[in-house]
Amino acid sequence: MSTRTSALDAVVFGVDVQSGDVRGDVSYALVAFDGEHVDRDVVSRRKLRRLIRDEKPAIVATDNMYELAENKDALVHFLGELPDETTLVQVTGAERPEPLSRVANRHDVPYSKDPMKEAEAAARLAARNVGQVVSAFTDETEIKVSRGRSTGGGGGWSEDRYTRRIHGSVKKRTREVEADLKEAGLDFEREETEKYGGFSNAIFTVEGRPRDIPVSNERAGDVRVEVERVRRDGIEFRPLAKRRDHVVVGVDPGTTTAVAIVGLDGEVLDVLSTRTADSAEVTEWIVERGRPVIVAADVTPMPETVEKLRRSFDAAGWTPDRDLPVDVKQHRTREEGYDNDHERDAMAAAFGAFDAHKDQFERIAAKVPPGQEVGPVVARVVANEESVETVLADLRDDGGEQPEESEQPDNEQSPEQRRIGQLESQVAQLQSHVENLEATIDEKDDEIDDYERKLSEARSETRVEARKDREVTRLERENRRLKGEIDEKDDRIDELEGKLERLKALWKLDHSNFADVAEKKQGLTPVKVVEQFTSDAIDDADERFGLADDDVILFRDASGAGASTADKIVDIDPQIVLRNGGLSDVADEILFKHDVPVAPADMVTVQEVDELAVAREREIDEAIADWEERAEERERERNAQMVDRLISEHRAGDRGESD
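Quick notes on the rules
- Residues numbered from 1 in each chain as written.
- Predicted model: local features only at pLDDT ≥ 70, side-chain atom pairs only at ≥ 80, totals over all residues.
- Heavy atoms only, no water.
- Helix = DSSP H or I, 4+ residues; strand = E, 2+ residues; numbered from the N terminus.
- Buried < 20%, exposed > 50% of the residue type's maximum accessible area, 1.4 Å probe, protein only.
- Areas by Shrake-Rupley, 256 points an atom, 1.4 Å probe, with all protein chains shown as cover.
- Pairing = 2+ DSSP bridges.
- Axes fitted to C-alpha atoms, helices over the stretch in contact; angles between N-to-C directions.
- Contact = heavy atoms within 4.5 Å.
- Salt bridge = Lys/Arg side-chain N within 4 Å of Asp/Glu carboxyl O.
- Parallel < 35°, antiparallel > 145°, perpendicular 65-115°, else oblique.
- Left-handed = near helix turned anticlockwise from the far one by under 90°.
- Nonpolar A, V, L, I, M, F, W, Y, C, P; charged D, E, K, R; others polar.
- Arc of directions from axis to C-beta.
- Polar contact = N/O pair within 3.5 Å; in protein donor to acceptor, adjacent residues only side chain to side chain.
- Patch = residues over 30% accessible without salt bridge, like charges linked within 9 Å, V, L, I, M, F, W, Y side chains within 5 Å.
- Lys, Arg positive; Asp, Glu negative; His and termini not counted.
- Charge placed at Lys NZ, Arg CZ, Asp CG, Glu CD.
- Phe/Tyr/Trp six-rings, centres within 6.5 Å; stacked < 30°, edge-to-face > 60°.
- Lys NZ or Arg CZ within 6 Å of the ring centre and 35° of its normal.
- pLDDT = per-residue confidence, 0-100.
- Core = buried A, V, L, I, M, F, W, Y, C linked by side-chain atoms within 4.5 Å.

### A word on the overall build of the chain
Piece 1. A count of helices and strands for the chain gives 17 helices and 21 strands.
Piece 2. Of all 659 residues assigned to the chain, the portion counted as buried reaches 36%.
Piece 3. When the accessible surface of the chain is split by element, carbon and sulfur atoms take 45% of a total near 39500 Å².

Okay, structure coming up:
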């Protein structure tokens, strides 16, 4: 595709399947039309998307949107890839498209059953504002600022610093994005998730399309920024151009100006909200969509900007008796879709004016003859306060006097005249029958619309119930989790309360360390508890609360004692060692040799709270005395054994000499 001087505001691409299947390999007939020149080419799917991305046509036109994507999800993906400047248009209508041949014939566009000709017909129709714009996204954009790296690590203080740094970076980038949006004058809402050291993520919902936003996708270091348009619930169609019928206009002025267009039948035709458009651009937008009969505001008196707009259209004005309350506006617009409160207020103003004049519109329509347009009559009666009869008379005068029929008697009419009279009578009867059929069709259409509305409401209620069920399930899950946390905390509270009671029973006064016990002479002595009779356990206890001479040391498990660990205890020189379990012969011998008392732990009543333990001095003294008795007995046994050994050795020596 070559660049060209455009006769339109921009280029239109017409597309039709040339060969293949959209679900697999497919090629497209592509026509680029600028109002004067036509370029034709056959391209692959990949090349078509590249051309759309590079040339950014104003419209990609087709007779069937599912020739560009095999299903709804793929179509949404295709729409998401379109440049901001490009829209997809289905020239044959919305949900129930007409044959392209019929649409082309109606608009006098050349057509033949050939893919390239069909692509050209689609391009020419779209250039004439024929067709429906296909949309899957709103005019809002979501910006997500999140972590660019995982916070998982090896644990310890280094992992805490790493996590804190990442969350701090996310928070900093969030503030930078917020500053950029404020500087650009964009409306937005922010939600963030606070985590250790900052934010784990933050989501901005911005009123504007990505091209209007000074933030783009990025991933740098600890932070990732993703910019995506907000999706609609489904695929939406809207006319590429609307007829300029007579309409009611609601305006909400301010930093964000919103305008709502409502037809004389009370249907919302279009809504606009903008922070950047000036009054001339707003006026042009309204002119493209209709001829205002009434310009309305939701507050009283009418704001000056709305009054100027009303005077520019020479339309009637409407304001409520008092400012419309928010709940009234919400109720009146509950069945309409809007993107923000400004659009809601503009629609509420237009609906207020329509409701106030609805009966008048119906009375005027009843007086207007069939076949004559009602809009111009309504405009003059409402805006200029003329009577219906005067307006109709003026319109008849503008159309000229109708020639009177000759009043020739039947018996003087020629056969041709009588035949003409019969045919005219038949035509009148047929026209009356057609009008009756059209009225029946209108009634049926109204019934269909009513059923569709009820179906839509039922579907909406079903979706609401489904959302409620999901929310209930989520809340029940959250409730169970919180109950589990409460149970854990209750157990912890019970445990701590038990410890507190034991602590009170042990101390009955405020002790801060082991030294207090000895100083206050309460008949208790501190006991230092060591988990195992091993070097690591002894070193750990020494590091946590210190092991010193004259300490009472309790080993929960003394089975691991050896020579080196016994030497460590000898170096400490404790008052006594209390043991649970057996002590090795080597360790026992070393401790005995260096006069370190050892006694079974069950000889002493030890009371513990966490790392704090105490025993009665009386029981310690008794255990030491018991060891001393056993030590003396052991020493006597050793001396006796030594004497026996010496006697035996002496006797053995004497026998040797006699031999």
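Further notes follow.
### Observations regarding unusual backbone geometry
Piece 1. Put simply, Thr300 and Pro301 share a cis peptide bond, and its omega is 0°.
Piece 2. In this structure, Pro301 sits in the loop between strand E14 (291-296) and helix H7 (304-313).
Piece 3. Even without being a glycine, Asn129 presents a positive backbone phi close to 65°.

### A short note on the sheet that holds E14
Piece 1. Strand order in the open sheet formed by 5 strands is E13-E12-E11-E14-E15, and the pairing between neighbours is mixed. Only two strands of the sheet have a single partner each, and these edge strands are strand E13 (268-274) and strand E15 (316-318). Along the sheet, successive strands turn relative to each other by an average axial angle of 25°, direction set aside.
Piece 2. Here E14 runs beside E15; their pairing, made up of 3 bridges, is parallel. What sits directly across from Val295, in E15, is Gly317.
Piece 3. Along the sheet, helix H6 (residues 279-287) makes contact with strand E11 (246-252), strand E12 (257-263), E13 and E14, crossing E12 at roughly 15°.
Piece 4. Across the sheet, helix H10 (residues 374-384) is in contact with E11, E14 and E15; its angle to E14 comes to roughly 40°.

### Describing the pattern of salt bridges
Piece 1. A full pass over the atoms with the stated rule returns 48 salt bridges.
Piece 2. Between Glu120 and Arg124 there is a salt bridge; the shortest N-O distance is 3.0 Å. Taken together, the residues Glu120 and Arg124, both in helix H4 (residues 115-127) and 4 residues apart, mark about one turn of the helix.
Piece 3. Residue classification places Glu120 among the buried positions, given a relative accessible area of 10%.
Piece 4. A relative accessible area of 25% places Arg124 in the partly exposed class.
Piece 5. Across the pair Asp298 and Lys329 runs a salt bridge whose closest N-O atoms are separated by 3.1 Å. Here the residue Asp298 occupies a position in the loop between E14 and H7, and Lys329 occupies one in helix H8 (residues 326-332), the gap between them amounting to 31 residues.

### Observations regarding the pairing of strand E6 (residues 132-147)
Piece 1. The buried fraction of E6 is high, at 12 of 16 residues.
Piece 2. In terms of strand pairing, strand E5 (residues 87-90) meets E6 through 3 bridges, oriented antiparallel. Note that in E6 the partner of Leu88 across the bridge is Val134.
Piece 3. Two strands pair when backbone bridges link them, and E6 and strand E10 (residues 223-239) are joined in this way by 12 bridges, in the antiparallel orientation. The residue bridging Ile143 from the neighbouring strand is Val227, located in E10.

### Things to note about the packing of helix H9 (residues 341-367) against H10
Piece 1. The interhelical angle for the contact between H9 and H10, taken along N-to-C directions, is 125°, at an axis separation of 10 Å. Between H9 and H10, the interaxial angle falls into the category oblique. By crossing handedness, the relation of H9 to H10 is classed as right-handed. Residues His357, Gln360, Phe361, Ile364 and Ala365 of H9 pack against Val374, Val377, Val378, Val381 and Val382 of H10.
Piece 2. Its residues assigned to classes, the contact of H9 with H10 shows 8 nonpolar, 2 polar and no charged.

### Details of helix H1 (residues 45-55)
Piece 1. Regarding H1, the residues found buried are Leu48, Leu51 and Ile52. End-on, the buried residues of H1 take up no more than an arc of 100°, which puts them together on one face.
Piece 2. Contact partners of the buried residues in H1: strand E1 (12-20), strand E2 (26-33), strand E3 (38-44), strand E4 (59-62) and helix H2 (72-81).
Piece 3. Positioned one or two residues after H1, Lys56 has a phi angle of 50°, which is positive.

### Looking at the side chain of Thr141
Piece 1. Tracing the backbone through its elements, the reader meets Thr141 in strand E6.
Piece 2. A polar side-chain atom of Thr141 sits 2.5 Å from the main-chain carbonyl oxygen of Gly208.
Piece 3. Apart from the residues within four sequence positions on either side, Thr141 is in contact with Phe204, Thr205, Val206, Gly208, Arg209, Pro210, Ile213, Val227, Glu228, Arg229 and Val230.

### Comments concerning a positive patch on the surface
Piece 1. The grouping of Arg459, Arg463, Arg467 and Arg470 at the surface amounts to a positive patch.
Piece 2. In this fold, Arg463 is placed in helix H12 (residues 415-507).

### Some points on the packing of aromatic side chains
Piece 1. Counted under the stated rule, the structure contains 4 aromatic pairs.
Piece 2. On the basis of an interplanar angle of 50° and a centroid distance of 6.1 Å, the ring pair of Phe354 and Phe361 is categorised as tilted. Each of the two residues, Phe354 as well as Phe361, counts as buried.
Piece 3. Against the face of Phe351 rests Arg332, its NZ or CZ located 4.0 Å from the ring centre.

### Things to note about the confidence of the model for the chain
Piece 1. Here the chain shows a mean pLDDT of 83. Residues at 70 or above account for 87%.
Piece 2. Within the chain, the lowest mean pLDDT, 46, falls on helix H13 (residues 514-520), and the highest, 95, falls on E4.
Piece 3. Below a pLDDT of 50 lies the segment residues 1-7, which in the model reaches 20 contacts outside its immediate sequence neighbourhood of four places, other chains included.
Piece 4. Note on residues 400-412: pLDDT is under 50 here. Beyond four places in sequence and across chains, it has 4 contacts.

### Here's the deal with the nonpolar core
Soluble globular proteins tend to bury their nonpolar side chains together.
Piece 1. One finds Phe13, Tyr28, Leu48, Leu68, Leu79 and Leu88 to be the most contacted residues of the largest nonpolar core, which totals 29 residues.
Piece 2. Taken together, the elements giving at least two residues each to this core come down to E1, E2, H1, H2 and E6.
Piece 3. Sort the elements by how many residues they give to this core and H2 lands first, with 5 residues.
Piece 4. When residues no more than four places from it in sequence are discounted, the contact partners of Leu88 are Val60, Thr62, Met65, Leu68, Leu75, Phe78, Leu79, Leu82, Gln132, Val133 and Val134.
Piece 5. Within the second largest apolar cluster, 28 residues are counted, among which are Val248, Ile294, Ala350 and Val391.

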